[in-house]
Amino acid sequence: MAGGGGKVRTLDPRGRIVAVALFAVVVVSLDDLAVLAASVGIAMVPFLFARLPMIRTLKRVAAMDGFIVLLLLMLPFTTPGETWFALGPLVATREGGVLAIGIALKANAVMLALLSLVGTIEATALGHALHRLRLPETLVHLLLFTVRYIEVLRREHATLRQAMTARGFRMRADLHTYRSIGYLLGMMLVRSLERSERILGAMKCRGFQGRFHLLGVFRWRRRDTWFVALTLAVLAGLVILEHRHGLPA
Amino acid sequence: MHVVDGALSNEVVIAGGAIAVAGIGWGLRNLDMEKIPAAGVLSATFFLASLVHVPVGPSSVHLIMNGLAGLVLGWAAFPALFIGLLLQAVFFGFGGITVLGVNTVAIALPAVLVGVVCRRGAAGASPRTAALWGGVAGGGAILLTGLLVALALALSGDAFLPAAKLVVLAHLPVMVVEALLCAAAVGLVRRVKPELFGVVSSGRGVAAHA
C-alpha cells in the first residue's frame, strides 16, 4: 500500500508517528489563517522529501469526502456575522468564510504530513512501531493480521467478481444488484472464516501456544532525536506566531 | 463519511477519543489470541467491503457495512473498524488523525448496538427471518451512524446545524441500500455457515467449530 519513501525512510518510524501526532494536535488548535497557511507549507517539506507520487497524492489530499466539501461550501452562508458577498438571496459572511478556509487548511496540512511521514512506513513496521509506542498488543496483532489478509482477500474478491462478470452480471441501481453484492459479501465472510480456521490450524501445527512475538527491531539514531527536536521547535514557532499575529483579529 | 481534522470543536474531538478508547478496550477484552486470526481476516473483509462502490440512482456510494460487522464481530467490531479507519487515514488519506476517535465511534458504536439487538434474530429460525433481521441491522446501523455524525457536527457549533441535517438526509439512501445488502448477506450466511454469528463474539474459540 505504501509507495515512495525517499529520504524520509531513513528516519525511525516511531519518531515519525510521534511528530505527526504532535503536528496534528497543534495545527488543529490554531486559528489564524496566515499561520495555518504556514503549516501547510511546513507539511510540504516532508512531502517533498518523501518522493510520493506527486499528482496522485495531491489528488488524494484535495479530494476530501464529497460531503466535507459541501459542508465547507455551506459554512459561509450558515455562520452569522459581517457580510462578505451575496449570492442572490443567500448572504455569505466573512466569519463563515474564515472558518471554512481554516478547516480546509488544517485538514490538508495534517493529511500531507500524515501521508508523507506515516503513510510511507511499511504496514508491518507501522504495527511494530505502534506496539513500541504502547498500543495494546492484541490491537497490534489484529492490525497485523488485517494488513496481511487485505491483499489476499482483495484477490479473492476480484476472482468472485470476475466469475460474476463472466455470467453477465453488471452493476445497476436495482434490487438484483444489491442482492448479488450482498451474496458476494456474505460469501466472502464465509470463505474468510474458513480461511481463518486453516490459519489457526497451521499456527497450532507449528507450536502456537496463544502468544505471538513482535520481532520488529528499530534503531533510534542521533538524526531521529534531531528530527523530533526540529519538529518541536517548528511547532513552538507556530504557536508563538499564532499568539503574536492572531490576537488582534 | 469521514469527518476531517479541524472541523469539530475540541470538546467533541476529546469526547469522541475517550469513547473510542473505552469501546476499543472493551472490544479487546474478549479477544484472546485464538480469536485473532478470525477477527483479523474478518476485519480485512470489512476493510475491502468499504472500498466497494455500488450504484444508487444516478450516483454511487461506497459501502460501510458496519451493521454486518456488528452481527459478526460483536464488541470486537470496535477495534476491527478502528483499524480499518486507521489504515484508510494513513495510506489513503481518508478522514484524519485527531478525528479518528469521533469517526470510530460514529461507525463502531452503531455496529455494536445493532449487533446486540439483532444477533439473536440473524441467527434465527429460518433464513427468511434471519435476512429480515439482517436488513434491520444493516439499515439501522447506517441510520445511527448518520445521526452520530450529525450530533458531532451540531455539538461543534450552530453554524454546522444545516450541514448536520443534510448528513442525516444523505444517509437515508445509503441506509436503504445497506439494509438490502445486509439482508442478502445474512440470509446467505444463515444458510451456508450459521455459526459465523458467534465465532468471534461468543466466549468460544474458533477451534470449537473447526
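Each chain has its residues counted from 1, running along the sequence as written. Ligands are numbered from 1 and chains lettered from A, in the order in which they are written. This being a predicted model, a pLDDT of at least 70 is required before a residue's local features are given, and a value of 80 or more before pairs of side-chain atoms are given or counted; all residues contribute to the totals for chains, interfaces and linings. With hydrogens and water excluded, all non-hydrogen atoms of the structure serve as input to the side-chain values.

Trainee: Before we move on, could you go through the overall build of chain B and cite the residues and values that matter?
Mentor: Labels follow the DSSP assignment, with helices taken as runs of H or I lasting at least four residues and strands as runs of E lasting at least two, numbered in each case from the N terminus. Summing up its helical and strand segments, chain B has seven helices and two strands in all. Scanning chain B from its N terminus toward the C terminus, one meets helices and strands in the order α-α-β-β-α-α-α-α-α. A compact globule built from 210 residues would reach a C-alpha radius of gyration of about 17 Å, and chain B, at 17 Å, matches this within 12%. Taken along the three principal axes of its C-alpha coordinates, chain B extends 50 × 40 × 30 Å. Within the span of chain B, comprising 210 residues, buried residues form 64% of the whole. When contacts within chain B are restricted to residue pairs at least 6 apart in sequence, those whose partners lie at least 24 apart make up 76%. Within these notes, the globule rule equals 2.2 Å times the number of residues to the 0.38 power, and the radius of gyration is based on C-alpha atoms. Relative accessible area decides the class of each residue, using a 1.4 Å probe on protein chains only: under 20% of the type maximum gives buried, over 50% gives exposed, and in between gives partly exposed. Any two residues having at least one pair of non-hydrogen atoms within 4.5 Å are treated as being in contact.

Trainee: Go over the interface of chain A and chain B with me, naming the residues and quoting the values.
Mentor: Each side of the interface is counted separately: chain A has 72 residues, and chain B has 75 residues. Two parts placed together each lose some accessible area under a 1.4 Å probe, and adding up what both lose gives the buried area. With both sides pooled, the region where chain A packs onto chain B buries about 6400 Å², and carbon together with sulfur makes up 84% of that total. Among the residues chain A hides against chain B, the three largest losses belong to Leu142(A), Tyr178(A) and Leu189(A). Together they make up 11% of the total. By definition, a salt bridge exists where a carboxyl oxygen of Asp or Glu is found within 4 Å of a side-chain nitrogen of Lys or Arg. Run the count over chain A and chain B and you get three salt bridges. The shortest N-O distance in the salt bridge between Glu197(A) and Lys193(B) comes to 3.9 Å. Two N or O atoms count as a polar contact when they lie within 3.5 Å, although within protein this holds only if one can serve as hydrogen donor and the other as acceptor, and sequence-adjacent residues are included solely when both atoms are side-chain atoms. Here chain A and chain B share five residue pairs in polar contact (both at pLDDT 80 or more) between them. Each residue is assigned to one of three groups, with Ala, Val, Leu, Ile, Met, Phe, Trp, Tyr, Cys and Pro labelled nonpolar, Asp, Glu, Lys and Arg labelled charged, and all others, Gly among them, labelled polar. Of the residues contributing to the side of chain A that touches chain B, the split by class is 50 nonpolar, twelve polar and ten charged.

Trainee: Go over the pairing of strand β2 (residues 90–93) of chain A with me, naming the residues and quoting the values.
Mentor: Residues and elements named next belong to chain A. DSSP-based pairing: two strands are paired if at least 2 bridges between them are found. Both strand β1 (residues 83–87) and β2 contribute to a ladder of four bridges, which runs antiparallel. Along β2, the bridge assignment pairs Phe-85 with Ala-92. Between the end of β1 and the start of β2, which pair antiparallel, lie two residues, with Gly-88 showing a positive phi angle near 60°.

Trainee: Before we move on, can you summarise the packing of aromatic side chains with the specific residues and values?
Mentor: Ring pairs shown here join Phe, Tyr and Trp side chains whose ring centres sit within 6.5 Å, with only the six-membered ring taken for Trp; geometry is labelled stacked below 30 degrees between planes, edge-to-face above 60, and tilted in between. Summed over all chains, the structure comprises nine aromatic pairs over all chains. Ring centres of Phe145(A) and Tyr149(A) lie 6.3 Å apart, and the angle between their planes is 15°; this geometry places the pair in the stacked category. Taken together, the residues span about one helical turn, with Phe145(A) and Tyr149(A) both in helix α7 (residues 137–166) at a distance of four residues. Like Phe145(A), the residue Tyr149(A) is buried in the burial classification. Every member of this aromatic cluster is reached through a ring pair, and the members are Phe145(A), Tyr149(A), Phe208(A) and Phe212(A). Think of it as a cone above the ring: NZ of Lys or CZ of Arg counts as a charge over the ring if it is within 6 Å of the ring centre and within 35 degrees of the ring normal. Positioned above the aromatic ring of Tyr149(A) is the side chain of Arg148(A), whose terminal nitrogen or guanidinium carbon lies 4.8 Å from the ring centre. Against the face of Trp26(B) rests Arg29(B), its NZ or CZ located 3.9 Å from the ring centre.

Trainee: Go over unusual backbone geometry with me, naming the residues and quoting the values.
Mentor: With the exception of glycine, the majority of residues adopt a negative phi angle, and the majority of peptide bonds are in the trans configuration. Its identity is not glycine, yet Arg51(A) carries a phi of approximately 50°, on the positive side. By the secondary structure assignment, Arg51(A) is in the loop between α2 (33–50) and α3 (54–62). Among the residues examined, Arg51(A) registers a relative accessible area of 65% and is labelled exposed. The residue Met65(B) is not glycine, and still its phi comes out positive at about 55°. Counting through the fold element by element, Met65(B) comes out in the loop between β2 (59–62) and α3 (66–73).

Trainee: Quick rundown of the nonpolar core? Include the residues and the values.
Mentor: Residues enter a nonpolar core if they are buried and are Ala, Val, Leu, Ile, Met, Phe, Trp, Tyr or Cys, with the set joined through side-chain atoms within 4.5 Å. Counting 126 residues, the largest nonpolar core has Leu73(B) and Val200(B) as its most contacted members. For this core, the element with the highest residue contribution is helix α4 (residues 77–92) of chain B, accounting for 13 residues. Each domain's extent was defined by an automatic or database domain assignment. Two domains share this core, each providing at least three of its residues, namely domain 1 (6–127 + 219–246) and domain 2 (136–205) of chain A. Ignoring sequence-local partners within four residues, the contact set of Leu73(B) consists of Ala39(B), Leu42(B), Phe46(B), Ala80(B), Val200(B) and Ser201(B). Core analysis: the second largest hydrophobic core is formed by 27 residues, Ala100(A), Ala150(B), Ala159(B) and Phe160(B) among them.

Trainee: Tell me about the pairing of β2(B), and name the residues and values.
Mentor: All names here are of chain B. The pairing of strand β1 (residues 53–56) with β2 spans four bridges and is classified as antiparallel. The residue bridging Val-54 from the neighbouring strand is Val-61, located in β2. Once β1 ends, the chain turns through two residues before running back antiparallel as β2, passing Gly-57 with a positive phi of about 55°.

Trainee: Pulling in residues and values, what's your account of a nonpolar patch on the surface?
Mentor: All names here are of chain B. A cluster of nonpolar side chains, Trp-26, Trp-75, Val-116, Val-117, Trp-133 and Val-136, forms an exposed patch at the surface whose accessible area comes to about 590 Å². Only α5 (100–122) and α6 (127–155) provide two or more residues apiece to the nonpolar patch. Assignment of secondary structure puts Trp-75 in the loop between α3 and α4. With a relative accessible area of 33%, Trp-75 lands in the partly exposed category. Patches here are clusters of residues that have more than 30% relative accessible area and form no salt bridge, with a 9 Å joining cutoff for like charges and a 5 Å cutoff for nonpolar side chains (Val, Leu, Ile, Met, Phe, Trp, Tyr). In this description, accessible areas are obtained by the Shrake-Rupley approach with a 1.4 Å probe, and a residue is regarded as covered only by the protein chains that are shown.

Trainee: Please give an account of the packing of α7(A) against helix α2 (residues 36–49) of chain B that cites residues and values.
Mentor: Here an angle of 0 to 180 degrees is reported between the N-to-C directions of two axes, which are lines fitted to C-alpha atoms, with helices fitted over the stretch in contact. At a minimum axis distance of 7 Å, the contact between α7(A) and α2(B) shows a crossing angle of 55°. Between α7(A) and α2(B), the crossing angle belongs to the class labelled oblique. Once α7(A) is placed against α2(B), the crossing between them reads as right-handed. For the pair α7(A) and α2(B), contact is made by Thr138(A), His141(A), Leu142(A), Phe145(A), Thr146(A), Tyr149(A), Ile150(A), Leu153(A) and Arg154(A) and by Ile36(B), Pro37(B), Ala39(B), Gly40(B), Val41(B), Ser43(B), Ala44(B), Thr45(B), Phe47(B) and Leu48(B), respectively. Angular relationships are summarised with four words: roughly parallel below 35 degrees, roughly antiparallel beyond 145, roughly perpendicular across 65 to 115, and oblique for the angles in between. Crossing chirality is assigned from the near helix's rotation relative to the far helix, an anticlockwise turn below a right angle marking it left-handed and a clockwise turn marking it right-handed.

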